[in-house]
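One letter stands for each residue in the lines below.
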Amino acid sequence: MNQKHTVIVTGGNGFIGTNLVQLLLESRQYHVINLDALTYAANPLSLEDLEGHPDYEFVKGSITDRQLIDSLFEKHKPMGVLNLAAESHVDRSILSADDFVQTNVVGTYTMLEAARMYWNTLPDELKQQFRFLHVSTDEVFGSLGEDGFFTEETPYKPQNPYSASKAASDHFVRAFHHTYGFPTIITNCSNNYGPYQFPEKMIPLMILNALSGKPLPVYGDGSNVRDWIYVEDHCKAVKLAFEKGKPGEVYAVGASNEQKNVNLVNQICSILDNIAPPIEVPQLRDRGLKSYAELINFVQDRLGHDHRYAIDASKVQRELGWKPEVGFETGLRKTVEWYLSNPKWVDQASGGSYGEWIEKNYAWRTKKEAE
Ligand code: NAD
Ligand code: DAU
């Protein structure tokens, strides 16, 4: 068997990171060093099955910690970095962007600089092989009207503090390629859904609120559009871009699956009505609910809420041979079933600091638009 490649994955305990680490290990091509600070968004249960795996090592630490990162390069001599660690929730960034600037901007810069210094020491052959793949978002392009798509050529126009911090990180990555010839690749992906997503994000939030009979808070009039991709399809695109992407290139990734928020919430409700009807859920039995859709509640809009995102993914399809494999109906059903089948994971994610935080910070979410 060929020798395995050692890679550093940052943010491997988060939603996309967990799915990506699993994919890399399943491929048997990689030895994975997962650097994660274990913030509120990480769930220790997500990767607990990997304990003792010969090709997996977990390092608790921050991508802002230069000394630690230098020591990881020195010790493990990786052939690349897949940088996912980030603060990722738009609503939190609107309340305060401090952590977003620290992790997304300073952290990405710190990873880049440490990686570049290490890369400089490599002999030519290894230098050629090395890649720094930065996982980014379509939100850096701003918001679309009713028509059109984001492509790799779309000018940057971030409109909320989260996307501004991701745009800043992308610019550092691009500048490192342009200035130093450092071999970077960026993927800008649309909204992911699937197993292991932290319950503050829209899809798991709606599933879990519904099952406990809480209101389903749809922001504004629910007409905002997101372009949804099953997380495993995104991870396959990231792996391909890492292995076959050209240094300096950017790939927009999406599954051509636009959904209006209110329609999506209705789809979640009808899946739940089918597989866990309210009448069969002990804590809901006496509520007289016929459908979870009765819990939909239109609340005050998100500040600066981007109207529509949509990706033209023809470049990654054409140049890397990627295509999405999981249809939305199947993916959404699998996702709902995953949350129903993993109560221990859900309890761990929903309790503790998240529970307290949501009580303190989300009063506006119960207010009607007109209030
Ligand atoms: P997430 O919030 O679920 O996970 C983030 C992970 O990063 C957590 O494990 C957290 O502990 C870790 N982390 C945070 N700060 C850190 C630090 N300073 N040092 C080390 N680790 C730290 O996020 P996600 O949804 O999995 O997103 C992963 C990446 O993909 C992010 O860069 C995000 O911007 C990008 N992205 C996400 C989506 C999406 O729909 N979720 C879409 C496109 C791009
Ligand atoms: O587009 C990629 C981005 O997608 C990623 O870069 C981000 O990390 C990721 O969080 C996601 O951002 P969004 O803001 O689009 O995702 P979120 O799940 O927070 O919201 C999806 C849509 O649903 C958005 O239009 C806001 C709306 N929403 C969200 C929540 C949490 C609601 O109507 N009610 C809610 O309670």
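Everything here concerns the structure above.
Given the structure is predicted, the values throughout are model-derived calculations rather than measurements.

A. Molecular detail of the sheet that holds strand E10 (residues 250-253). Here we have 7 strands laid out as an open sheet, ordered E3-E2-E1-E4-E5-E6-E10, and parallel in their pairing. The open sheet is flanked by strand E3 (56-60) and E10, the only strands paired with a single partner. With direction set aside, neighbouring strand axes in the sheet form an average angle of 20°. Sheet analysis places strand E1 (residues 5-10) next to strand E2 (residues 30-36), joined by 6 bridges and oriented parallel. Considered in E2, the bridge of Val9 is made with Asn34. The sheet strands contacting helix H1 (residues 15-26) are E1, E2, E3 and strand E4 (80-83), and the helix crosses E2 at an angle near 165°. Strands in contact with helix H6 (residues 161-180) are strand E5 (131-137), strand E6 (184-189) and E10; relative to E5, the strand with the most contacts, it is inclined by about 155°.

B. The site of ligand 2, seen in detail. Around ligand 2 sit 24 residues in total, of which Asp138, Tyr162, Pro217, Arg302 and His305 are the nearest. Between ligand 2 and the protein, one listed contact pairs an oxygen atom with a backbone N or O atom of Ser88 at 2.8 Å. In this structure, an oxygen atom belonging to ligand 2 sits 2.9 Å away from a side-chain N or O atom of Asn261. Protein chains shield 95% of the accessible area of ligand 2, which is 690 Å² for the free molecule. Those elements that place two or more of their residues in the shell around ligand 2 are helix H7 (202-211) and strand E8 (216-219). Looking at the shell around ligand 2 residue by residue, the class counts come to 10 nonpolar, 7 polar and 7 charged.

C. Spatial organisation of the site of ligand 1. Of all residues adjacent to ligand 1, which total 28 residues, the nearest are Ile16, Asp36, Ser88, Tyr162 and Lys166. A distance of 2.9 Å separates an oxygen atom of ligand 1 from a polar backbone atom of Asn192. Here ligand 1, which alone exposes 830 Å², has 96% of that area covered by the protein. Ranked by residue count, the leading element in the shell around ligand 1 is E5, at 3 residues. The class makeup of the residues in the shell around ligand 1 is 13 nonpolar, 13 polar and 2 charged.

D. Representation of the side chain of His305 within the structure. Looking at where His305 falls in the secondary structure, it is placed in the loop between strand E12 (296-299) and helix H10 (314-320). Taking the relative accessible area as the measure of exposure, His305 reaches 15% and is therefore buried. Of note is the side chain of His305, whose polar atom sits 3.4 Å from the side chain of Asn224. In terms of polar contacts, His305 uses its side chain to reach the side chain of Asp301, at 2.6 Å. The residues touching His305, leaving out its near neighbours within four places in the chain, are Tyr219, Asn224, Arg226 and Asn261.

E. Representation of the sheet that holds strand E9 (residues 225-230). Sheet architecture is open: 3 strands sit in the order E7-E9-E11, paired in mixed fashion. Since the sheet does not close on itself, it has two edges, and those belong to strand E7 (191-193) and strand E11 (258-260), each with one partner. Shown here is a sheet whose adjacent strand axes are inclined to one another by a mean of 50°, direction ignored. Bridge count between E9 and E11: 3 bridges; the pairing is antiparallel. The partner of Asp227 across the bridge, within E11, is Glu258.

Cut-off values and rules
- Residues numbered from 1 in each chain as written.
- Chains lettered and ligands numbered in written order.
- Predicted model: local features only at pLDDT ≥ 70, side-chain atom pairs only at ≥ 80, totals over all residues.
- Heavy atoms only, no water.
- Pairing = 2+ DSSP bridges.
- Helix = DSSP H or I, 4+ residues; strand = E, 2+ residues; numbered from the N terminus.
- Axes fitted to C-alpha atoms, helices over the stretch in contact; angles between N-to-C directions.
- Contact = heavy atoms within 4.5 Å.
- Near = heavy atom within 4 Å.
- Polar contact = N/O pair within 3.5 Å; in protein donor to acceptor, adjacent residues only side chain to side chain.
- Areas by Shrake-Rupley, 256 points an atom, 1.4 Å probe, with all protein chains shown as cover.
- Nonpolar A, V, L, I, M, F, W, Y, C, P; charged D, E, K, R; others polar.
- Buried < 20%, exposed > 50% of the residue type's maximum accessible area, 1.4 Å probe, protein only.

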